[in-house]
Amino acid sequence: MHRDVLTIGETMVIFQSNQIGSLENITSVSPKIGGAESNFAIGLARLGESVEWISQLGNDSFGSLILKRVRGEGVYNNHVVFSDKGPTGLLFKEQITTEKMNVYYYRKQSAASYMTKEILNNVPFESLKYLHVTGITPALSDSCYELTMHAIRLAKHHGVKIIFDPNIRFKLWSKDKAFKVLHEISALSDYVLIGDEEAYFLTNLQDPLEMCKKLDVNNDKVIVLKCGANGSYVYDGQLSHVPGYPVKTVVDAVGAGDAFAAGFTHGLLQGTDIINCAKIGNAMGALVIQQFGDIEGLPTKDVLYAFLENDNETSDVVR
């Protein structure tokens, strides 16, 4: 089976209510699925791209639920394994107000945290175009860090381009370790898709151009700085601002960055210039935050392009 993109990481069952309020007062929650890498993969699959997601799930009903859902979205999953070493991770979302959300993880010593580099045995890297890496997988455990670096080495060996989304999770590791590892992976990547707050953490700078210059350590990569409602900046030796899309009501902001990455990668696969790749990413982010759940708002190709065609933004890209 041919696939253009590979991503590796943990997916959890998410329990979330459509009601606003504390979990102690909510009477019901619905199971959904979410994880940066599977969100990204599902986003790409809905846009008609060939993408594979690799993970390790607990040998339990939650693991079965996740695999069925991801498989049903058309994502390749031939190398997903089940394990008795740990359970499938869980996550609870608590929407306190329309502006504030609390997230509770139950993922310590989960099945995914026991992944090793051997999970990549027999994965056809030679057929890939892009490897998508986040900063979450190496944070799960030492063996997951080794797995991430092994995947990067294999990608480099086969000429596969690396797309890196730091996706910083301070609940998973110390700031010192995050700083070191995220810089290490960033230096090895071809495209770095980073949030403005994450860029501030890694550079201690606030000016978009200076941030991007510092992150482009070898002068050999594209840096995309994601700025939420303010759109994004693209740096490839010069800085370009790509306006965002206004959203009247943000329902659930979680998953916006993963949607952006899916849209950006879709643009790359279609041979689109990087400015328009970022424009597609901005549109994906705007669409996904208007529904509850990490993946529920991810559009199909028809919906995405209808949204882009109805764009009222007439200003040129600011350079």
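Conventions adopted
- Residues numbered from 1 in each chain as written.
- Predicted model: local features only at pLDDT ≥ 70, side-chain atom pairs only at ≥ 80, totals over all residues.
- Heavy atoms only, no water.
- Helix = DSSP H or I, 4+ residues; strand = E, 2+ residues; numbered from the N terminus.
- Areas by Shrake-Rupley, 256 points an atom, 1.4 Å probe, with all protein chains shown as cover.
- Lys, Arg positive; Asp, Glu negative; His and termini not counted.
- Charge placed at Lys NZ, Arg CZ, Asp CG, Glu CD.
- Buried < 20%, exposed > 50% of the residue type's maximum accessible area, 1.4 Å probe, protein only.
- Arc of directions from axis to C-beta.
- Contact = heavy atoms within 4.5 Å.
- Pairing = 2+ DSSP bridges.
- Axes fitted to C-alpha atoms, helices over the stretch in contact; angles between N-to-C directions.
- Phe/Tyr/Trp six-rings, centres within 6.5 Å; stacked < 30°, edge-to-face > 60°.
- Lys NZ or Arg CZ within 6 Å of the ring centre and 35° of its normal.
- Polar contact = N/O pair within 3.5 Å; in protein donor to acceptor, adjacent residues only side chain to side chain.

Draft legend 1. Geometry of the overall build of the protein. A tally of regular secondary structure across the protein gives 10 helices and 14 strands. With the C-alpha coordinates aligned to their principal axes, the bounding extent of the protein is approximately 50 × 50 × 40 Å. Accessible surface, the protein: about 14100 Å² in total, of which carbon and sulfur atoms supply 49%. Separation between the mean location of the 29 positive side-chain charges and that of the 37 negative ones in the protein comes to 3 Å.

Draft legend 2. Local environment of helix α7 (residues 208–215). When we look at burial in α7, the residues that qualify are P208, M211, C212 and L215. Along α7, the residues classed as buried sweep out an arc of 95° about the axis, all on the same side. Buried residues in α7 make contact with α5 (175–188), β11 (191–195), α6 (196–203), β12 (222–226), β13 (232–235) and β14 (239–242).

Draft legend 3. View of the sheet that holds β13. Spatial strand order, β4-β1-β9-β10-β11-β12-β13-β14: 8 strands in an open sheet with mixed pairing. The open sheet has two edge strands with one neighbour each: β4 (51–54) and β14. Here the average twist between neighbouring strands, direction ignored, is 20°. As paired strands, strand β9 (residues 130–134) and strand β10 (residues 161–165) are joined by 5 bridges and run parallel to one another. If you follow Y130 over to β10, its bridge partner there is K161. Set on the sheet, α6 makes contact with β10, β11 and β12; between it and β11 the angle comes to about 105°.

Draft legend 4. Examining the packing of aromatic side chains more closely. All told, the structure shown has 9 aromatic pairs when counted by the stated rule. Both rings, one in F15 and one in F62, keep their centres 6.0 Å apart while their planes meet at 85°; by these two values the pair is edge-to-face. Of the two residues, F15 is situated in strand β2 (residues 12–16) and F62 in helix α2 (residues 61–72); the sequence distance between them amounts to 47 residues. For F62, a relative accessible area of 30% puts it in the partly exposed group. Three or more aromatic residues joined by ring pairs make a cluster, and in this case those are F15, F62, F92 and Y106. One residue, R3, lies across the ring of Y76, its end atom 5.0 Å from the ring centre. Between K175 and the ring centre of F170, over which it is positioned, the NZ or CZ distance is 5.2 Å.

Draft legend 5. Focus on the side chain of N77. Tracing the backbone through its elements, the reader meets N77 in the loop between α2 and β6 (81–83). Here N77 falls in the buried class, since its relative accessible area comes to 10%. At 2.9 Å, the side chain of N77 forms a polar contact with the backbone oxygen of V75. Setting aside anything within four residues of it in sequence, one finds N77 in contact with W53, L67 and R71.

Honestly, it's all geometry; don't read function into it.
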